[in-house]
Amino acid sequence: MTLIFKTKAILVVAFFNALLASAVVNAAPPDALAGKAKAQICFACHSENGISLTSEIPNLAAQPSLSITYQLIQFRGQQRKGGGMEAITMALSDQDMRDIAAYYAALPPPPARPGNADKIAKGQQIAGTQYCNSCHGSQLQGQKHIARLAGQSPEYVMTQLKNIRSGARIDMDGTMGSAARGLSDEDIEALATYAASLN
Ligand code: HEC
Ligand code: HEC
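Figured I'd write up the structure that's included with this text. Quantities reported herein were computed from a predicted structural model and do not represent experimental measurements.

Moving on, we get to the site of ligand 2. Contacts to ligand 2 come from 23 residues, most closely from Cys-132, Cys-135, His-136, Met-172 and Met-176. Measuring from an oxygen atom of ligand 2, one finds a side-chain N or O atom of Gln-74 at 3.3 Å. Within the side chain of His-136, one N or O atom sits 2.8 Å away from a nitrogen atom of ligand 2. Among the residues forming the shell around ligand 2, the class breakdown is 14 nonpolar, six polar and three charged. Per-domain counts for the shell around ligand 2 show at least three residues from each of domain 1 (2–105) and domain 2 (117–196).

A few words on the packing of aromatic side chains. Tallied over the entire structure, the rule returns two aromatic pairs. In textbook terms, an aromatic cluster arises when at least three aromatic residues are bridged by ring pairs, as seen for Phe-43, Tyr-103 and Tyr-104.

A separate point is the site of ligand 1. As a matter of local geometry, ligand 1 sits amid 22 residues, with Cys-42, Cys-45, His-46, Arg-80 and Met-85 nearest to it. At a separation of 2.8 Å, a nitrogen atom of ligand 1 approaches a polar side-chain atom of His-46. Tyr-156 is positioned with one of its side-chain polar atoms (N or O) 3.1 Å from an oxygen atom of ligand 1. Of all elements in the fold, only helix H3 (43–46), helix H4 (65–76), helix H5 (85–89) and helix H9 (154–166) reach the threshold of two or more residues within the shell around ligand 1. Partitioning the shell around ligand 1 into residue classes produces 14 nonpolar, six polar and two charged.

At the metal site, the iron atom of ligand 2 is ligated by His-136 (NE2) and Met-176 (SD), and these contacts range over 2.0 to 2.1 Å. Bound by six donor atoms, the iron atom of ligand 2 shows angles of 87 to 180 degrees at the metal and therefore octahedral coordination geometry. Here Met-176 lies in helix H10 (residues 175–181) and His-136 lies in helix H8 (residues 132–136), a separation of 40 residues in the sequence. His-136 gets classed as buried once you look at its relative accessible area, which sits at 13%. You can call Met-176 partly exposed: its relative accessible area is 22%.

Quick notes on the rules
- Residues numbered from 1 in each chain as written.
- Chains lettered and ligands numbered in written order.
- Predicted model: local features only at pLDDT ≥ 70, side-chain atom pairs only at ≥ 80, totals over all residues.
- Heavy atoms only, no water.
- Near = heavy atom within 4 Å.
- Polar contact = N/O pair within 3.5 Å; in protein donor to acceptor, adjacent residues only side chain to side chain.
- Nonpolar A, V, L, I, M, F, W, Y, C, P; charged D, E, K, R; others polar.
- Domains from an automatic or database assignment.
- Phe/Tyr/Trp six-rings, centres within 6.5 Å; stacked < 30°, edge-to-face > 60°.
- Helix = DSSP H or I, 4+ residues; strand = E, 2+ residues; numbered from the N terminus.
- Donors = N, O, S within 2.8 Å, 3.2 Å for Na, K, Ca; no water.
- Tetrahedral: all angles 85-135°; square planar, octahedral: opposite > 155°, others 65-115°.
- Buried < 20%, exposed > 50% of the residue type's maximum accessible area, 1.4 Å probe, protein only.

Listed below in structure tokens is the structure:
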């Protein structure tokens, strides 16, 4: 079991290293204006302003562009599944993904959402003790390939944390899987409430 998991993790890491290497060769610079035109098909769910229409759909506004690009590549490659995103990404080239990511990354972040004060305080504490903020940023604003959680839909964050914890969603290098493994359902709710309360 452990061996299978490790092998899988090594393959995933190898895949992403290859991806990184291929991404820097022959890549035109990302073009947010072209990205806006290409993102028309996304607006029905993620909106033009990157603030999604329902709680199951993630906000994309101010997400780090590399994080958006990597998630799109994972959907297209079927390593990640959900929300019909596998089919939607099928027709996108790497350049389309970088352009669309540049468009959403440049938008103003979603507004903070008020929530239960005890849950917010508990979530903030766990984010510190579990080092969430060392990867996702001090205000959970995201960085590089690591998602912004600030202002994200709490329902979406809870679903993703549970899927990552169970292994239903495999993360690209195993670090997020380790981070989620020890969390209880209560911890997850507190973390999602805290993240949503940030801007
Ligand atoms: C029919 C609605 C729908 C459309 C259209 C759609 N999405 Fe999504 N998208 C979703 C849902 C739902 C999820 C959450 C999937 C999950 O539960 O894992 C998602 C997830 C994502 C994520 C992952 C975000 C994260 O923080 O991990 C990205 C990036 C994304 N979509 C980008 C796009 C782009 C770019 C387009 C247009 C090319 C697009 N989506 C079109 C519904 C949609
Ligand atoms: C070692 C760095 C690291 C730590 C620590 C970490 N994360 Fe992550 N997190 C990541 C990476 C990388 C991803 C993207 C995973 C992927 O899809 O491949 C991610 C993804 C996520 C997602 C999915 C976001 C989305 O938009 O789909 C959530 C939610 C999340 N992390 C929450 C947390 C919480 C809460 C903690 C603390 C308990 C935490 N993370 C700790 C690196 C980290």
